[in-house]
Amino acid sequence: MDSMAEDIYFKDRNGRFTRVNRAMANHLGLTDPARAIGRNEMDFLCRDEAEHRCRDDEEIVRRGRTLVDMEEKWHLPGRSERWLSTTKIPLRDSSGAIVGSFGISRDITEKKRFEAELEQKGFYDPLTQLPNRAMFDKRVERLVTRTRHLGPSSPLFAVAWLDLDRFKCINESLGHGAGDELLVRTARRIEACLRPGDVLARVVGDQFTVLLDDLHSESDAVRVAERIQNAMALPLTVGGTEVFTSVSIGIALSSSGYARHDDMLRDAYTALYRAKAAGRARHEVFDADMHRRAVDQLQLETDLRRAIERQEWVVHYQPIVDLQSRSLAGFEALARWRHPGRGLVMPDAFIPTAEETGLIRPLGMWVLHEACRQMRVWHDMCPTQPPLGIAVNLSTRQLAHADLPAQVRHVLDQTGLRPSCLTLEITESALMQSMQAGAAVLQELHEMNVHLDVDDFGTGYSSLAYLQSFPVQTLKVDRSFVSSMHGGAQQSEIVRAIVGLAHNLGMDVIAEGVETPQQLELLRSLNCRRAQGFFFSRPVPAEEAQRLIIDGPPAFWSESAANGSVNAG
Ligand code: C2E
Ligand code: MG
Ligand code: MG
C-alpha cells in the first residue's frame, strides 16, 4: 500500500480512519500514517468537502452502495486544490455484514486542468472530442520549454504526426457521413494504443498528432507507431461497409534539441511526408538529413514558381532520324531551366517537383506553345515533304485534366501548326496511372489528328491488352534496352520482340538513346524505322537545330557501322 501513488484508506462504520497509506497521509498533511487513525476528513479538509465525503461514507455503510470513479475536490487549507477520482466500496465481515468502507483515490488534477482549459477556450475538435491543433501546440510548447529549462536531464518526448492513407477515397466513395464516422473510430483506435498521459489531437482533416512524454529511447516512440499501425490494419465498419485503412506516421524526437515547438511539429510533418513518399503505411523518424532535403525541396519549389513567372525556360531540340532515308524526321522538345544561379538545369532535377506542386501544368503549356511556335517558323522557312514533326512530353498531371484537348487545340490555333505535325509523348507509367480519365482525353486528342507516342516503353510493365485500348501510334523503346544491346545478347532480343510486337499491332517504333553505330546497325536490321540519340545529336538549342534543318543531315548520319563513331557533341 505504501508504495502506491494512489491514496488508500480503510474506515470503520463511523467513518473514522482505521488505516491510511503513506500517499494518503501525505495528502492529509501528516508525516506518519498512524496519526490519521481514529480521525476523519472533518479534521483536515475544508468544511464543505469534508462534509460531502462523510455523507458518502454514511451512504456506503448504511446502504451498501459502491461509488466508482467519482470525481471530487480535495482542498487542505493552505495547500493548493487537488482533483481526485475516487472509488469507495463497503467492507464486509465473513457473515456479509458491513463493517466499514474502503476507498482509493487517483490524482486527476492535471487532467482536470487540461479539460477545463479545453472547455474554456474551445480548444477541442467537436467531431472526435479530441484536443485540436491549437491545444496540441500549447502542450508541445510546454514540453519544449521544460526541456530548455532542465537541459539534458529532461525526459525524452516525441511528437508523432499521423495521416490516414486512403481517407479521401473513402470519403468520396461512401460519403461524408461515413468519413466522419471513420475519423471518430480511428480516433478511438489510436487512443487505445496510448498511455493515459499521452495527448492525441486531431489537427486537420484526416490528420492526427500524438504527444508521447517520458520515453526511454527513440524505440519507445517507434513501438507506439507500430502499435497504432497494427491496430489500424484491422478492418473498420463504417456506414455498414467494411473498409481498410492504413496510417502513415512521422516522428520527431525532443533529443534534436528544439528551441521552438513549431520546429518540432514541422519536422514530424516532414518525416510523415517521407513515410508517405516511401509507400504509405510506414513510419519514419525525422533526422537532420531530412531537414536539409526538405529545405532544398522548398527552395526548389520557390525557385520554380519564380521561374514560371519570369519564364526562365528554354526548349532544346533533339533530332529524330528516319533510319531508311537517314534524313531528319523531326525533333523532340525537351525543357531546360535557365536558373539564374545554377546555370542550365536538366529536367530530372525539376520535373518531379513540378509534378508534385502542379507547376507542371503552366510549364508544360509553355513548352507546348514554344515548341509548336518554333516548328511552325521552321515549316515556313524550309518546307519539306513530309513536314517535320515535333514531339512534346506530357506528364500524368496534364493528362488528368479534361481540358487538355481544348488547350492543345488553342495552342495549335494560335501557332498555326498542323495537328498531324504534333506528337504528344506519354510515358508508359503515366498511361498506366491515368486509366479511364486519361483514355477519354487521349481519344479526343486522337480525333483532333494529334499523334500519340508511348514514351520509355518497356519500363512500365503495361499489359498489351491495356495498351491497345489507347489510340497510340508509336512505341518509343526505352534507352535502357537500346544501350544494353550488344550483338546477339538477350537485350537485343527484347528490342526485337518490341519491334515485332509494335508492327503486329500496327504501331511504329522509335529507338531512344542510340549512342553507337553498332546499335544503329542492329536497329536497322530489326526493321526499326526511326531513332534518336547522342549518336546523331544531343538535344540542342533552337539555333543549332535550325542550322541542321537548313544545312541538311551531316554526312556521318549515313555512314555504316564499320567507319562510324559516337558523336559526343
Ligand atoms: P524522355 O522524354 O525520355 O527524353 C529523352 C531523354 O533522354 C532526354 O533527357 C535526352 O537528353 C536523353 N537522351 C536522348 N538520347 C540519349 C542518348 O543517346 N544517351 C543518353 N544517355 N541520353 C539520351 P532529358 O532532356 O534530360 O529529359 C529527361 C526526361 O525529362 C524526359 O525523358 C522527359 O520524360 C522529361 N521531360 C523533359 N522535358 C519535359 C517537358 O517539357 N515536360 C515533361 N512533362 N517532361 C519533360
Ligand atoms: Mg520523351
Ligand atoms: Mg523517353
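Everything below is about the structure shown above.
Residues numbered from 1 in each chain as written. Chains lettered and ligands numbered in written order. Predicted model: local features only at pLDDT ≥ 70, side-chain atom pairs only at ≥ 80, totals over all residues. Heavy atoms only, no water.

Structural notes on the environment of His 149
Point 1. Within the secondary structure, His 149 is located in helix H4 (residues 133-150).
Point 2. In this structure His 149 comes out as exposed when scored by relative accessible area, which is 63%. (Helix = DSSP H or I, 4+ residues; strand = E, 2+ residues; numbered from the N terminus. Buried < 20%, exposed > 50% of the residue type's maximum accessible area, 1.4 Å probe, protein only.)

Observations concerning the site of ligand 1
Point 1. For ligand 1, the set of nearby residues contains 24 residues, the closest of which are Arg 336, Asn 393, Asp 455, Glu 515 and Phe 534.
Point 2. At 3.0 Å, a side-chain N or O of Gln 318 approaches a nitrogen atom of ligand 1.
Point 3. Phe 534 is positioned such that a nitrogen or oxygen atom in its backbone is 2.8 Å from an oxygen atom of ligand 1.
Point 4. Starting from 800 Å² of accessible surface for ligand 1 in isolation, the protein chains cover 87%.
Point 5. Elements that contribute at least two residues to the shell around ligand 1 include exactly strand E16 (327-339), helix H11 (360-381), strand E18 (389-394) and strand E20 (451-457). (Near = heavy atom within 4 Å. Polar contact = N/O pair within 3.5 Å; in protein donor to acceptor, adjacent residues only side chain to side chain. Areas by Shrake-Rupley, 256 points an atom, 1.4 Å probe, with all protein chains shown as cover.)

Some details on the sheet that holds strand E13 (residues 247-253)
Paired through backbone hydrogen bonds, the strands of a sheet run either parallel or antiparallel to each other.
Point 1. Taking strand neighbours across the sheet as the criterion, the five strands line up as E9-E10-E8-E13-E14 in an open arrangement whose pairing is mixed. Of all the strands in the sheet, the pair left with one neighbour each is strand E9 (199-204) and strand E14 (283-285). Between one strand axis and the next, the sheet turns through 20 degrees on average, direction left out of account.
Point 2. Direction of pairing for strand E8 (residues 156-164) relative to E13: antiparallel, over a ladder of seven bridges. Across the sheet, Asp 163 pairs through a bridge with Ser 248, a residue of E13.
Point 3. Packing of H4 onto the sheet brings it into contact with E8, E9 and strand E10 (207-215), and relative to E10 it is tilted by some 25 degrees. (Pairing = 2+ DSSP bridges. Axes fitted to C-alpha atoms, helices over the stretch in contact; angles between N-to-C directions. Contact = heavy atoms within 4.5 Å.)

Describing the side chain of Thr 415
Point 1. Relative to the helices and strands, Thr 415 is located in helix H13 (residues 404-415).
Point 2. Of note is the side chain of Thr 415, whose polar atom sits 2.8 Å from the backbone oxygen of Val 411.
Point 3. For Thr 415, the residues in contact, after removing those within four places along its chain, are His 369, Cys 372, Arg 373 and Arg 376.

Points about unusual backbone geometry
Point 1. A cis amide bond links Gln 385 with the next residue in sequence, Pro 386, at an omega value of -5 degrees.
Point 2. Relative to the helices and strands, Pro 386 is located in the loop between H11 and E18.
Point 3. Notably, Asp 456 is not glycine yet its phi reads approximately 50 degrees, a positive angle.
Point 4. Mapped onto the fold, Asp 456 is located in strand E20.
Point 5. Looking at Asp 456, the relative accessible area reads 25%, which means it is partly exposed.

So, the coordination of the magnesium ion (ligand 3)
Point 1. Coordination of the magnesium ion (ligand 3) by the protein involves Asp 455 (OD), Asp 456 (OD), Glu 512 (OE) and Glu 512 (OE), with metal-donor separations of 2.0 to 2.6 Å.
Point 2. The motif formed by the donor residues of the magnesium ion (ligand 3), counted along the single chain, is D-D-x55-E.
Point 3. A separation of 4.0 Å is found between the magnesium ion (ligand 3) and the magnesium ion (ligand 2), which share Asp 455 as a coordinating residue. One end of the pair, Asp 456, is in strand E20; the other, Glu 512, is in the loop between strand E22 (508-511) and helix H18 (517-525), with 56 residues separating them in the sequence. (Donors = N, O, S within 2.8 Å, 3.2 Å for Na, K, Ca; no water.)

Observations concerning the packing of H11 against H13
Point 1. Packing of H11 against H13 leaves a shortest axis separation of 9 Å and a crossing angle of 30 degrees. Judged by the inter-axis angle, H11 sits roughly parallel to H13. Regarding H11 and H13, the two cross each other, and that crossing is right-handed. Between H11, through Arg 361, Met 365, Leu 368, His 369, Cys 372, Arg 373 and Arg 376, and H13, the contact on the second element is made entirely by Gln 407, Val 408, Val 411, Leu 412, Gln 414 and Thr 415. (Parallel < 35°, antiparallel > 145°, perpendicular 65-115°, else oblique. Left-handed = near helix turned anticlockwise from the far one by under 90°.)

Some words on the packing of aromatic side chains
Point 1. Summed over the entire model, instances satisfying the criterion amount to 12 aromatic pairs.
Point 2. On the numbers, 4.9 Å between centres and 70 degrees between planes, the contact of Trp 161 with Tyr 269 is edge-to-face. In this pair, Trp 161 is assigned in strand E8 and Tyr 269 in helix H8 (residues 261-277), connecting sequence segments 108 residues apart.
Point 3. Pairing Trp 337 with Phe 350 gives two aromatic rings, centres 5.7 Å apart and planes at 85 degrees, and the pair type is edge-to-face. Taken together, the positions of Trp 337 in strand E16 and Phe 350 in the loop between strand E17 (343-345) and helix H10 (351-357) put the pair 13 residues apart, joining distant regions of the chain. (Phe/Tyr/Trp six-rings, centres within 6.5 Å; stacked < 30°, edge-to-face > 60°.)

Examining the layout of surface pockets
Point 1. Of the voids in this model, the second largest pocket is the one considered here, and its volume is about 860 Å³.
Point 2. Lining the second largest pocket are 27 residues; nearest its centre among them are Phe 114, Arg 139, Pro 196, Gly 197 and Asp 198.
Point 3. Sorting elements by how many residues they give to the lining of the second largest pocket places helix H3 (residues 109-121) first, with six residues.
Point 4. When its residues are assigned to classes, the lining of the second largest pocket shows 11 nonpolar, three polar and 13 charged.
Point 5. Here the lining of the second largest pocket spans two domains, and each of domain 1 (7-113) and domain 2 (124-286) adds at least three residues to it. (1 Å grid on protein atoms, 1.4 Å probe; cavity = no way out; pocket = protein on both sides within 12 Å on 5 of 7 lines; lining within 4 Å. Points joined across faces, edges and corners; volume = space filled by probe spheres on them. Nonpolar A, V, L, I, M, F, W, Y, C, P; charged D, E, K, R; others polar. Domains from an automatic or database assignment.)

Structural notes on the sheet that holds strand E4 (residues 82-92)
Point 1. Taken in spatial order, the five strands of this open sheet run E2-E1-E5-E4-E3, and their pairing is antiparallel. Each of the sheet's edge strands pairs with one partner strand only, and the pair in question is strand E2 (17-20) and strand E3 (67-74). Here the average twist between neighbouring strands, direction ignored, is 25 degrees.
Point 2. In this sheet, strand E5 (residues 98-107) lies alongside strand E1 (residues 7-12) in antiparallel orientation, the contact comprising six bridges. Each residue of the ladder has a partner; that of Ile 8, found in E5, is Ile 104.
Point 3. Lying on the sheet, helix H2 (residues 47-63) is in contact with E1, E3, E4 and E5; it crosses E3 at an angle near 160 degrees.

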